[in-house]
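# Structural features, examined
Given next are the chains, with one letter for each unit.
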Amino acid sequence: MTAIICLGHSFGNEKRFTNLKLRVKKSVELYKEGRGSKIIFTGGFTSASSTSEAQLMSGIAQTFGVPQGMIILEEKATTTVGNAICTKQILEDQGFESAIIVTSPTHLRRAKYVFNKIIPDKQLEFVKSKSHARLLKFTLRHLIEAMRLGKDSIFLNLNIKRTNFTET
């Protein structure tokens, strides 16, 4: 049996809430694909809210069609280490042999390190949610300045075709 573990994220502002929602969405996709039999939402009370991260994620998942009976809440952890320690106990108690850990792209490396150290006896897979980062927006002024400074790497990294501009 495989569990899907969705790591929490504080939700004190719009950016953080979006990040949290993207993690939930990816977890729900995996659940609906049949990759896991239950979703464990892990995250305690990290904001001034009276709602835990796990409760909030559970509510979002239910709006995406996941039955409440397929959700396990872990509401004690407030760090990645805490997530791993608390979910390890749930995995053992519920008889899960493996787990898919879902987190954001920028958190994936840390999550892999922590979970592999704390839960070495289970088969673990790590999946990243979509990124909410927006592409950098360059105005014509920025492009002209970059070309004057010889910053060709900006154009290579963003796949922008370099064009000669003249100021009027």
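Refer to the structure printed above.
Source: prediction; values computed, not measured. (Residues numbered from 1 in each chain as written. Predicted model: local features only at pLDDT ≥ 70, side-chain atom pairs only at ≥ 80, totals over all residues. Heavy atoms only, no water.)

The next thing to look at is the pairing of strand E4 (residues 98-103). Regular strands show a simple pattern: their side chains alternate between the two faces of the sheet. Counting buried residues in E4 gives six out of six residues, a clear majority hidden from the surface. Of the two faces of E4, the one carrying Ser98, Ile100 and Val102 and the one carrying Ala99, Ile101 and Thr103 are both buried. By the bridge criterion, five bridges tie strand E1 (residues 2-7) to E4 in an arrangement that is parallel. Following the sheet pairing, cysteine 6 is matched in E4 by valine 102. The sheet contact formed by E4 and strand E5 (residues 123-128) spans six bridges and is parallel. Bridge pairing in E5 places alanine 99 opposite leucine 124. The parallel pair E4 and E5 is bridged by helix H4 (residues 108-118), and the resulting crossover is right-handed. (Buried < 20%, exposed > 50% of the residue type's maximum accessible area, 1.4 Å probe, protein only. Helix = DSSP H or I, 4+ residues; strand = E, 2+ residues; numbered from the N terminus. Pairing = 2+ DSSP bridges. Right-handed = clockwise from strand over helix to strand, strands pointing away.)

Moving on, we come to the packing of helix H1 (residues 14-32) against helix H2 (residues 53-63). A packed helix pair is summarised by two numbers, namely the angle formed by the two axes and the spacing between the axes. Interaxial distance between H1 and H2 falls to 10 Å at its minimum, and their mutual angle equals 55 degrees. When the axes of H1 and H2 are compared, the pair comes out oblique. Classified by chirality, the crossing of H2 by H1 is right-handed. On H2, the residues that touch Phe17, Leu20, Lys21, Val24 and Val28 of H1 are Leu56, Met57, Ile60 and Ala61. Residue classes in the contact of H1 with H2 are distributed as eight nonpolar, no polar and one charged. (Axes fitted to C-alpha atoms, helices over the stretch in contact; angles between N-to-C directions. Parallel < 35°, antiparallel > 145°, perpendicular 65-115°, else oblique. Left-handed = near helix turned anticlockwise from the far one by under 90°. Contact = heavy atoms within 4.5 Å. Nonpolar A, V, L, I, M, F, W, Y, C, P; charged D, E, K, R; others polar.)

Next up on the list: the pairing of strand E2 (residues 38-42). In terms of burial, E2 is largely enclosed, as four of its five residues are buried. Of the strand pairs in this sheet, E1 and E2 are connected by five bridges, and their pairing is parallel. Counterpart to alanine 3 in the pairing with E2 is lysine 38.

Let us look at the side chain of threonine 80. Among the secondary structure elements, threonine 80 is positioned in helix H3 (residues 80-94). On the basis of relative accessibility, which here comes to 8%, the residue threonine 80 falls in the buried class. In contact with threonine 80, not counting residues within four places along its chain, are His107, Arg110, Ala111, Val114 and Phe115.

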